[in-house]
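Chain by chain, the residues:
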Amino acid sequence: MASTLKNEITSAFTTVGLTSLPAPLVTKLTGLSTSLRLTPRQLAEAWEAHSLTRNVDVLDDVTFGGYQSALAKEAESKGLIASSSVDSKRNVVVMQSSGLGKRTAPHSSVTPSPMAKRGAQTPQSASGATAPADRSGLSAVDNLTTPSGKVPISPGMKHPGVASANQITPTAKSAPKYQDRTGAGSLVTSYNPNSLPTAVEVNAQNADNATTQKTCTIQYHPSSTHPQPPTKSTPFRHMFTPLATRAKALESRILTMSDSICEKYNIKSEEEEMLKYEHVSAEVVDDNMACWTPVGIPKQGKVVCVGRICNEAHEGRLNRASIRLEGSRKDSSGSRIHLDLNSLVTNNDNNQSYSFFPGQIVAVEGINSSGRTMQASRLYEGVPPPVEKSTAKELIKYNYGPEGQNGMPLSIVSMCGPFTTKDNLEYDPLVDMVMKISEDQPDVVIMCGPFVDGRQPLVQGGEPTITDEDGNEKKVSYENLFQTKFAALLEEMYANDPDMKTQFVLVPSTEDMICESVYPQPPLVNQEVTSGVKKFNDEFGNLGLNYVEIAGRENIKASERTKRVHCVSNPCTLKINELSVGVTSSDVLFHISSDETNANLPPGGRLTRIAQHLIQQRSYYPLFPAAKGACLDLSRSDEWEMPVQPDILIVPSKLTTFARKVLDTTVVVNPGELTKNTTGGTYAVIDVHPMKKEALEKGGDAEMEHGVQDRVRVDIKRI
């Protein structure tokens, strides 16, 4: 029986990339499986989640302790084990019977706001509702309990839901609360290669220049294609794409990337190469010269094939044994061949690293003698788009001109939802962030959704309940919840300081309940009604952003008001002054990491390599098939392409926060999420200092790279 369990554990861990586990570790895992009542598959999934979170690739005696502690800690937090029941010597954890139950929605309150002063809402009584706990995306430990909170039936239990005599049943540990968090404002990680000061410090030292600083310019990048906001005359139609249109989009991507890769690496077809040697004797021509060849055509010499990485198994995670290369329909009739990477990995002279995921467009050099399997010897993992450049005159205008930054740093704050914890709708983390923004007054605040999170237990029921200023409970629409809890905060901030120069950029999420759930995603739309009952206008469709634009500027004509809130698409490439900034609220890093296989990567380089894929594939979402819930509309695939290599790439993710330089000129930032379950999360502060004025004055009309990687400081902090 024990040997069977060990074999199952070994097989389960092989599916997640651990092909050889030492016998002592298998014995320890067997003990964990027995004591925690976890199946081998659940143990393997828990290790996969732990390795992604901690960026650990190998399970050995050193890393096993952290894996065991994380597994036991998570089980203890869910009330499945006693806090004192972990025996590190015997690797045994004693079960307890407390399970996950339902959570009752607490009463949430609303502070007095400008919206309340307008009298836009009418109190309406509504009884509280009990919402079932959100079980989407739970780990193996979480899924040990049933939705009703009962203990699952196991072979050693005669009666379901009743704990046996030798089980310990202490009170379950409560989840940490946002108000009880520690380390608020502390630094989590930083990118600051040249030890630059923060924008707040520079502004304090140069108060005169800071007060004369002008509003920066924010617009879509002129080379980008993005979804337009829906209107009555032109609705945003999506998910009506026939199969032929989807196939055409995939084919177009292979052909476009193939042309770019061949041009970048000077890969020629056999006919093009022969033209070069038309007047050369046959002895000079190298028979092993690698030429472009359609996928699936057998050749005895070296060839280069370009195609899409696919999973032979069609389900499950991609691994080294299941990698296939699919060619285009035009050149290869959609043929697929198996990629043999043994020579690539074991070649000590080459020692090339690789990182593959489904949907990736690559060029592979090797020998395909049979037409079915290619012995890979070299890889080309895509081509980045052109680097963004500007003339010296434009850079002087934005960095030192009176209408630009006037020699001061450009400060950008980036954060990602959810903006309220899972146990209430009070939006306390957002309130604290707005207070911090009002104090520091950055130039731009980039906020990625979800703003009204569809995964929130108190929102999932369809009728979120809040409490108004009079203490009356009322059920509100999703739009009204956004207006009350989000827009009202911004309105009050600008009403208190009408001269504030900070601008907000709102990027929706596919988890949002106030916009279309499709990728690419159109901007948020403030559906303000000019006629009809005001209450109806505020309750349905209106997000309240029009009040943010007016606050404190009621006597100024609308044409003379500078825009405070910019609603943009997801994803988008923006021009903020001279900077190109790429943003997507989709957790593409996590999606790719869940289906990626790699070898020979440097320690700690996995997240950097995944972020590099986005740029090399020229796409904000290169994964195909997409992860569950991504809702890709392939007919709009050109709208998630990356037109230029951005100076700053913001990719919020539940994975470890980081800020790193990628491909020489791009700084990739993962600010994390502002809330994590019932407690606080993280956000990023990006300070871009001006370029050296002397170098710009010598540039004239010549185009120059922005060099953001050398003049930026990124601090990721706890809320």
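Residues numbered from 1 in each chain as written. Predicted model: local features only at pLDDT ≥ 70, side-chain atom pairs only at ≥ 80, totals over all residues. Heavy atoms only, no water.

As a further point, take the overall build of the protein. From N to C terminus, the protein includes 20 helices and 31 strands. Of all 719 residues assigned to the protein, the portion counted as buried reaches 51%. Taking all contacts inside the protein whose residues are at least 6 apart in sequence as the whole, residues at least 24 apart take part in 73%. In the form shown here, the protein has an accessible surface area of approximately 32900 Å², with 50% of it arising from carbon and sulfur atoms. (Helix = DSSP H or I, 4+ residues; strand = E, 2+ residues; numbered from the N terminus. Buried < 20%, exposed > 50% of the residue type's maximum accessible area, 1.4 Å probe, protein only. Contact = heavy atoms within 4.5 Å. Areas by Shrake-Rupley, 256 points an atom, 1.4 Å probe, with all protein chains shown as cover.)

With that out of the way, let us pick up the nonpolar core. With 42 residues, the main nonpolar core has M415, M447 and F482 as its most contacted residues. Taken together, the elements giving at least two residues each to this core come down to β15 (410-416), α13 (428-440), β16 (444-448), α14 (457-460), α15 (478-496), β19 (503-507), α17 (545-550) and β29 (682-688). It is α15 that provides the largest number of residues to this core, a total of nine residues. If sequence neighbours within four positions are ignored, M415 has contacts with M433, I437, V445, I446, M447, C448, L674 and Y683. Membership of the second largest hydrophobic core comes to 30 residues, among which are Y191, C216, L410 and I412. (Core = buried A, V, L, I, M, F, W, Y, C linked by side-chain atoms within 4.5 Å.)

The next subject is α13. End to end, α13 covers 19 Å across 13 residues, agreeing with the expected 18 Å (1.5 Å per residue, within 8%). Buried within α13 are the following residues: P429, L430, M433, V434 and I437. Relative to the axis of α13, the buried residues are bounded by an arc of 135° and lie together on one face. Residues of α13 that are exposed and angled more than 90 degrees away from the buried face: M435 and E439. Of the surrounding secondary structure, the elements contacted by the buried residues of α13 are β15, β16, α15, β19, β27 (675-676) and β29. Count one or two residues on from α13 and you reach Q441, which has phi positive near 50°. (Expected span 1.5 Å × (residues − 1). Arc of directions from axis to C-beta.)

Turning next to the sheet that holds strand β20 (residues 565-567). If you trace the seven strands from one edge of the open sheet to the other, you get β5-β31-β29-β15-β16-β19-β20, paired in mixed fashion. The open sheet is flanked by β5 (187-191) and β20, the only strands paired with a single partner. Sheet twist, expressed as the mean angle between neighbouring strand axes with direction ignored, is 15°. Where β29 and strand β31 (residues 712-718) come together, seven bridges link them in antiparallel fashion. Looking at the pairing, T682 lines up with R718 of β31. Contacts between α13 and the sheet are confined to β15, β16, β19 and β29, with β15 contributing the most and set at about 180° to the helix. (Pairing = 2+ DSSP bridges. Axes fitted to C-alpha atoms, helices over the stretch in contact; angles between N-to-C directions.)

Further remarks concern unusual backbone geometry. A cis amide bond links Y519 to the next residue, P520, at an omega of 5°. If you trace the backbone, P520 turns up in the loop between β19 and α16 (534-539). Although it is not a glycine, N577 sits at a positive phi angle of roughly 55°. As for its placement among the helices and strands, N577 is situated in the loop between β21 (572-576) and β22 (579-583). A residue is classified by how much of its surface remains accessible, and N577, at 3% relative accessible area, is buried. One non-glycine residue, N600, lies in the positive phi region at around 65°. Structurally, N600 can be placed in the loop between β23 (597-599) and α19 (606-616).

Further remarks concern the packing of aromatic side chains. Applying the stated criterion to the full structure yields 12 aromatic pairs. Aromatic pair F451 and F486: ring centres 5.1 Å apart, planes at 80°, arrangement edge-to-face. Placement of F451 in the loop between β16 and α14 and of F486 in helix α15 is noted, with a sequence separation of 35 residues between them. Note on accessibility: F451 and F486 belong to one class, buried. (Phe/Tyr/Trp six-rings, centres within 6.5 Å; stacked < 30°, edge-to-face > 60°.)

Working definition: two side chains of opposite charge can pair if their charged atoms are close together. Per the stated rule, a full pass over the model turns up 21 salt bridges. One salt bridge connects R711 with E578, and the closest N-O pair in it is separated by 3.1 Å. Taken together, the residues R711 in the loop between β30 (703-705) and β31 and E578 in the loop between β21 and β22 connect sequence positions 133 residues apart. Neither residue differs from the other here; R711 and E578 are each classed as buried. Shared partners join several salt bridges into a network, and the residues in it are R308, E326 and R336. (Salt bridge = Lys/Arg side-chain N within 4 Å of Asp/Glu carboxyl O.)

With that settled, the discussion passes to the pairing of β15. The side chains of a regular strand alternate between both faces of the sheet. Taken across its seven residues, β15 has seven buried, putting it largely inside the fold. Where burial is concerned, the two faces of β15 agree: the one with L410, I412, S414 and C416 and the one with S411, V413 and M415 are both buried. Bridging between β15 and β29 involves five bridges; their strand directions are antiparallel. Note on β29: the bridge partner recorded for S411 is D687. As judged from the five bridges shared by β15 and β16, these two strands associate in the parallel manner. Across the sheet, the residue bridging to M415 is M447, located in β16. After leaving β15, the chain enters α13 and then returns to the sheet as β16, a path that is right-handed. (Right-handed = clockwise from strand over helix to strand, strands pointing away.)

Okay, the sheet that holds strand β26 (residues 666-670) next. Within a sheet, each strand pairs with its neighbour through backbone hydrogen bonds, oriented either parallel or antiparallel. In spatial order, the strands read β6-β21-β22-β24-β26-β25; together these six strands make up an open sheet with mixed pairing. Each edge of the open sheet carries a strand with a single partner, namely β6 (218-220) and β25 (658-662). Neighbour to neighbour, the strand axes of the sheet diverge by 25° on average, direction disregarded. Where strand β24 (residues 648-650) meets β26, three bridges bridge the pair, whose relative direction is parallel. Bridge assignment links L649 to a residue of β26, and that residue is V668. With respect to the sheet, α19 is in contact with β24, β25 and β26, its orientation differing from that of β25 by roughly 55°.

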